[in-house]
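Understanding the architecture of this molecule
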Amino acid sequence: MRQLNLFELEFEQHQPKFQLMDTVKVILIDEQLDSETYHYRKFYEAHIINKAGEITNIHISPAGVTYEVDIYGAKYYLLEEELI
């Protein structure tokens, strides 16, 4: 039996659903999927729900894909599940 090191592990690569410069619409995430994000968007950033924006940057990590979206000149970092 051989022990693996961190560099031999293969991490699952997430493929982005959207590309740079795509126009997307922000939706309110399902509360059961991520309660903290749901409540934050609902009470502090309700003004961006159902608004369109443009993807300006994509960050891929082992945890998932995060998009930087420009909405009316302001940058927001949104999860893939929050965009259509």
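Further up the page is the structure itself.
Summary of the structure given here. (Residues numbered from 1 in each chain as written. Predicted model: local features only at pLDDT ≥ 70, side-chain atom pairs only at ≥ 80, totals over all residues. Heavy atoms only, no water.)

Our focus in this paragraph is the pairing of strand 4 (residues 74-79). Where strand 3 (residues 64-71) and strand 4 come together, 6 bridges link them in antiparallel fashion. Of the residues in strand 4, the one forming a bridge with Glu68 is Tyr77. The hairpin formed by strand 3 and strand 4 contains 2 residues between the paired strands, and Tyr72 there has a positive phi angle of roughly 55°. (Pairing = 2+ DSSP bridges. Helix = DSSP H or I, 4+ residues; strand = E, 2+ residues; numbered from the N terminus.)

Mapped onto the elements of the fold, Glu45 is located in the loop between helix 1 (35-44) and strand 2 (52-61). When near neighbours in sequence (up to four residues on either side) are disregarded, Glu45 contacts Tyr40 and Tyr76. (Contact = heavy atoms within 4.5 Å.)

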